[in-house]
Amino acid sequence: MRQGMAWYVCKRLLQGVVTVWFIATATFFAMHNVPGDPLLNDRAMTPAIRANLEARYGLDQPLFNQYLIYLGNLAQGDFGISFTQENRQVNDIIREHFPVSATLGILAVLFAAAGGVLWGALTALYRNRMPDYVIMFLVILGISVPSFVVAALSQLGLVTLNTLVGRSLLPVAGWGSVFHMLTPALVLGLSTMAYLTRLMRSSMLEIIDSDFVRTAKSKGVPPALIFSRHQLRNAILPVVTVLGPQIAVITTGGFVVELVFAIPGLGRFFVEAVQQLDYTVIMGTTVFYGAFLVFMVIVVDLLYGFIDPRVRLQ
Amino acid sequence: MTAAPLLQVEDLHVEFATHGGTVRAVRGVDFSVDSNRTLAIVGESGCGKSVSVQSIMGLIPVPPGRIGPGSALLRGQEILGNNVVNGRDVRGSEIGMIFQDPMTSLNPTMTIGAQIAEPLQVHRGYGAGRAREEAIRLLESCRIPEARKRAGQYPFEFSGGMLQRAMIAMAISCKPALLIADEPTTALDVTIQSQILDLMRDLQRETGMAIILITHDLGVVARMADEVLVMYAGEVVEKGGVDDVFYRSAHPYTLGLKAAMPSNRDDSAQVLTPIDGSPPDLFAPPGGCGYFARCPYAMQACEDNHPESFDLHADHFARCWLHHEDCDVEATDVHRTTASE
Amino acid sequence: MSYGAADFLPVSGQRDVHGISRPSLSYLQDAWLRLKANRRALASLYLVLGLLFFTIAGPWIWRVDSAVQDLDQISQPPGVDRAALIVPDYQSWDGAGEAGPLHVVGDATSQSVRLKWDALPGANGHRVYRNIFPVGPELAYGMPLAEFFDNTILYHEDRLDLRPGRYFYSVVALGEDGAVTANYESLTVDVRRVTTLAEAVDRGLIENGDQLAVGDSIELQLHPLGTDYLGRDMLARLMAGARVSLFIGIVAPALFVLFGVVFGAAAGFIGGRVDQFMMRFADFVVALPFLLFMILFKIAFGIGPGESGVMPMLVAMVVLLWPATARLVRGQILQLREAAYVQASQLLGARTNYLVLRHMLPNTLGVVLVTLTFEIPKAIFVEAFLSFIGMGVAPPTPSWGSMSNEGIATMLTTPHELIFPALFISITVLAFNLLGDGLRDALDARMRNAG
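Residues numbered from 1 in each chain as written. Chains lettered and ligands numbered in written order. Predicted model: local features only at pLDDT ≥ 70, side-chain atom pairs only at ≥ 80, totals over all residues. Heavy atoms only, no water.

Draft legend 1. Quick peek at the packing of aromatic side chains. One pass over the structure, following the stated rule, counts 27 aromatic pairs over all chains. When the ring of Phe148(A) is compared with that of Phe388(C), the centres are 4.3 Å apart and the planes differ by 5 degrees; the resulting orientation is stacked. Pair noted here: Phe148(A) is in helix α6 (residues 147-165) and Phe388(C) is in helix α11 (residues 352-388), and the two residues belong to different chains. Just as Phe148(A) is buried, Phe388(C) falls in that class too. (Phe/Tyr/Trp six-rings, centres within 6.5 Å; stacked < 30°, edge-to-face > 60°. Helix = DSSP H or I, 4+ residues; strand = E, 2+ residues; numbered from the N terminus. Buried < 20%, exposed > 50% of the residue type's maximum accessible area, 1.4 Å probe, protein only.)

Draft legend 2. Looking closely at the interface of chain A and chain C. With 37 residues of chain A in contact, the opposing surface of chain C contributes 35 residues. Taken together, both faces of the contact between chain A and chain C bury some 3200 Å²; the carbon and sulfur share is 83%. Summed over the three residues of chain A that lose the most area to chain C, namely Phe22(A), Ser144(A) and Phe148(A), the buried surface amounts to 18% of that side. Summed over the shared surface of chain A and chain C, the result is one salt bridge. Between Asp437(C) and Arg198(A) there is a salt bridge whose closest N-O contact spans 3.0 Å. Applying the counting criterion to the chain A and chain C interface returns one residue pair in polar contact (both at pLDDT 80 or more). Looking at the side of chain A that touches chain C, the elements that each hand over two or more residues are α1 (2-32), α5 (130-144), α6, α9 (223-260), α10 (266-275) and α11 (279-307) of chain A. Split by residue class, the side of chain A that touches chain C holds 27 nonpolar, nine polar and one charged. (Contact = heavy atoms within 4.5 Å. Buried area = accessible area lost by both parts, 1.4 Å probe. Salt bridge = Lys/Arg side-chain N within 4 Å of Asp/Glu carboxyl O. Polar contact = N/O pair within 3.5 Å; in protein donor to acceptor, adjacent residues only side chain to side chain. Nonpolar A, V, L, I, M, F, W, Y, C, P; charged D, E, K, R; others polar.)

Draft legend 3. Main features of a nonpolar patch on the surface. Residues and elements named next belong to chain A. On the surface, Met130, Tyr133, Val134, Phe137, Leu138 and Leu141 cluster together into a nonpolar patch covering about 650 Å² of accessible area. Turning to its location among the elements, Leu141 is positioned in helix α5. The exposure class of Leu141 is partly exposed, given its relative accessible area of 40%. (Patch = residues over 30% accessible without salt bridge, like charges linked within 9 Å, V, L, I, M, F, W, Y side chains within 5 Å. Areas by Shrake-Rupley, 256 points an atom, 1.4 Å probe, with all protein chains shown as cover.)

Draft legend 4. Region of interest: the domain arrangement of chain C. Assigned domains of chain C: these are domain 1 (42-66 + 230-450) and domain 2 (86-195). Here domain 1 of chain C and domain 2 of chain C have C-alpha centroids that lie 55 Å from each other. (Domains from an automatic or database assignment.)

Draft legend 5. Looking closely at the sheet that holds strand β6 (residues 155-158) of chain C. All names here are of chain C. Taken together, the three strands give an open sheet; going across it, the order is β2-β3-β6, and neighbouring strands pair in antiparallel fashion. Each edge of the sheet is formed by a strand with only one pairing partner; in this case those strands are β2 (103-105) and β6. Geometrically, the sheet is characterised by an average inter-axis angle of 35 degrees between neighbouring strands, direction not taken into account. Looking at chain direction, strand β3 (residues 113-116) and β6 are connected through four bridges and run antiparallel. (Pairing = 2+ DSSP bridges. Axes fitted to C-alpha atoms, helices over the stretch in contact; angles between N-to-C directions.)

Draft legend 6. Structural view of α11(C). Maximum bend of α11(C): about 40 degrees, positioned at Leu361(C), with proline Pro362(C) one to four residues after it. Of the residues trailing α11(C), Gly390(C) is marked for its positive phi of about 80 degrees. (Bend = angle between axes of the 7 residues up to and from the residue.)

Draft legend 7. Representation of the pairing of strand β13 (residues 235-241) of chain B within the structure. Residue and element names in this part refer to chain B. Within β13, five of the seven residues are buried, which leaves it mostly tucked inside the rest of the structure. Relative to β13, strand β12 (residues 227-232) runs antiparallel, the two sharing six bridges. Across the sheet, the residue bridging to Met231 is Val236, located in β13. Linkage of β12 to β13, two consecutive antiparallel strands, is achieved through a turn of two residues, within which Ala233 is found at a positive phi near 50 degrees.

Draft legend 8. Looking closely at the pattern of salt bridges. Residue and element names in this part refer to chain B. Counted by the stated rule, this structure contains 32 salt bridges over all chains. Taking the shortest distance from any N to any O, the salt bridge between Glu15 and Arg66 comes out at 3.2 Å. Here Glu15, found in strand β1 (residues 7-18), pairs with Arg66, found in strand β4 (residues 65-67); they are 51 residues apart in sequence, far enough to count as distant. With a shortest N-O distance of 3.8 Å, Arg27 and Glu235 are connected by a salt bridge. Pair noted here: Arg27 is in strand β2 (residues 21-33) and Glu235 is in strand β13, with a separation of 208 residues, a long-range link. Summarising the burial analysis for this pair, Arg27 and Glu235 share the class buried.

Draft legend 9. Broad picture of the nonpolar core. In this structure, Ile295(C), Leu386(C) and Trp400(C) are the most contacted members of the largest nonpolar core, which totals 129 residues. No other element matches α11(A), which puts 14 residues into this core. When neighbours within four sequence positions are excluded, Leu386(C) is seen to be in contact with Leu291(C), Met294(C), Ile295(C), Met313(C), Met391(C) and Gly392(C). Judged by nonpolar contacts, the second largest core, of 112 residues, contains Ala40(B), Ile56(B), Ile172(B) and Val245(B). (Core = buried A, V, L, I, M, F, W, Y, C linked by side-chain atoms within 4.5 Å.)

Draft legend 10. Expanded view of the sheet that holds strand β10 (residues 217-219) of chain C. Residue and element names in this part refer to chain C. What the three strands build is an open sheet, ordered β9-β1-β10; its pairing is mixed. The sheet terminates laterally at β9 (194-196) and β10, the two strands that pair on one side only. Averaged over neighbouring strand pairs, the angle between their axes works out to 45 degrees when direction is ignored. As judged from the three bridges shared by strand β1 (residues 83-87) and β9, these two strands associate in the parallel manner.

Draft legend 11. Representation of helix α8 (residues 211-218) of chain A within the structure. For α8(A), the full list of buried residues reads Phe212(A), Val213(A), Thr215(A), Ala216(A) and Ser218(A). Of the residues one or two after α8(A), Gly220(A) is the one with positive phi, at around 80 degrees.

Next up, the structure:
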């Protein structure tokens, strides 16, 4: 059984590597489709950068050779040099900015998962009563209002609040302390939280009427134990399965939140690179994000196996 | 009549409020069961047999369900609506229950052992280790091989028959005085059915518990029951000892059920006769006999007059106008002629 | 109650044993009844129809060009007073007027505000500020307008982008080194909207200058939802934006759901190795980080001058988003192939065409319709997201997302520029989500027998 688990992990990782290769290839050819010479960009005119790049990427060689060079560099974990910032490695950029995005993202995922499970369970237990209606109304709002609007409105709210109180309760923008993280993380996790609440609610409703909960009642198990041992654990399973894709939603949602809240994360850096057409940074970050998301999906799958014995043991 | 019966149910009513109106699922059901005895409740789907026992066990969600009027006395103590006697939940301790589909009736993310141990921890205050040892012993007593290993497994690793044994082990873990079995063999194949029924009977012999067996399989009834309750459209239409109900059937519906049952005995050439039509709409139960529209013996009186319960022999009742003193049609006679046509 | 022998005579004639059961309905009839019974879904259906009407018929009813700028009304919230007083053409000012503490010379109009003041005690010079908020204890003077390093010039004419409304002017004394001191004087000024005859003719408000005279009042152009930061009519832009947003929101899902249906049905129907290969390919496409690749594709396609950028977005969505539907439809087809009634039909000699058209497609239709309804709000979100980070449609083409992006810059002063497009996005997404919920409940066969 233990060996089966190890084999499963290996298989998933191998699949992950192949997927990352596919992402890298798609990225390479998509970027090579861009009209014009990437080096004829007026921002990349420093001769030093130009010479460095030509040698490094074999830009005078056929496309396929360039592709091989690119894959070789990637395999060594080298994403290249920025086209617009002299002598700046894409790796350094990622190393510097990704931890910020990751912190924000992890916090948002925690908010979303905890909130989604809590609110979802609550609405199911209070089905068709006041708390259910109120929470579900907020959930529909959370799903329907775009994240940048929520971000902007929460900033507006913070400004008003700080003015009303007469001092800065929570910072409106920027990065540094835990207090800087709270509002952006909440905003970032909000739509996922709303989605998870809905999912948790319907899965909990299914569980509430399920045969095994009836069995537990027929055993005289007290309601609190039925909730924690029988209902919650089983209702969480579908929530965990969508956590992988939702991490992707939160990661890309980070772009907007980082922009609005002026957070020096990789997402904001990526958006800036896109606006400046900084090819290596765009490609590097895309492949990096792709690999990260593939890895996260694997992690969540393994986590799911840990929670659900049916998956773990088969 | 000696002492009060173990469980006495009187005039039980259960309703459900739905978007379409109120479904009157159970309308005045009486029965009782004693230690060492087995009561079978038979009837087709939707006749209210499961709802009756689930209401006694407090398993009907309220709302949309509504229970009452009526009473269910366990050793003379009312359990309808609260299930608590002397500050203790009788469910799982005094009354154990097993369900139709063992595959879905067990928690998929808990080990079998933990689920069997749960009532012991809740009602007896056993510690985890002691409860686990007891669970293994219970599995053994329900004839599950390698009980120790099995106790650590999850429901999906069990077969249907094994799961139903585990369910029984769970239901009898606190040595209940009454075991309610809600179609315990319907989801199983025939050989397993037989083993499960044997197991239940042996356990009854060992512990002296009473059994309420809900089924629509008359073969199971004949094999297991001491008394039989025939339900139709939320009412008891016939009640009596197993021999009375089988050999001296007094209600046309019971006759219909028997005619619809396959048999390999003497008159095996007999054609299976289905009961035509479907039960009445319980949103608005008919004023007269619920079986009127489907009954081959229907009479003028049946359409608008709700039948009384007629006492036929000792402890044998039927709710049918055929047994009125002014009526001279004999149900069984008519049945024989129609069935052999 | 007593009964006689007559009561116990057999009932003659046919009794209708089936009469109690309810009338049967076809799948679609049943679904439609369920949808109609769901008030939320029905309301959202009307909302969707209303939005479509707004998008398609709106520009015929509200005939204002979404690209035309109304320079008199820039960032104008809805419902403000549009009256403008006609004044003579502008004459230059040399600072003439009475001396005294900070005061306005003549009328304060949107043409100009003429300020005059006495030198502040101990000042080596003055700096003039303007703010839209009161100065307050933290000495927020606002925007510096002019600076004078001697005490000879004690007047200033403000002609900088004046709008009707309240302004707070401050004159601050400068120290010896030219630094700002805390010594200041403040004045609250209510600016009135004015226009000249020439301007009124120019803007098309009147045909020629003879119709009105100086001192008359005139109504400026109507903008029911106000104007944006370039003075463009918000209502007209919202209608034009609706065309872009709903076009992408509806056409893109329609295309990729269609492609997904064909791909999934083919994979499910052919089965075997082909199926394996096709679904593995779909798995890879799913693994691509969607929004990153949307951006990548947008860059790769490039947007030429004069193009709106709608088409590249459409293509990128179709290329990236089909696999979810394909997986769903494949699963359905595999399930249906095993369904007893399909196998029965096959045994009776039904041909493939018949099987597909009669059994498979109708039975996947419900699922596909629900998917489509849920994909529409997602596509609208994607368009809004991309436009927000500047990777969506190219200006000046309006879309709700790009309008929100533009509105966010002026969120604190003129929130209507953000709120209206955001509201339209939210309402549209909400309507489609609720409609999707209703459709799913209505078409879900599992629900048919319950309650």
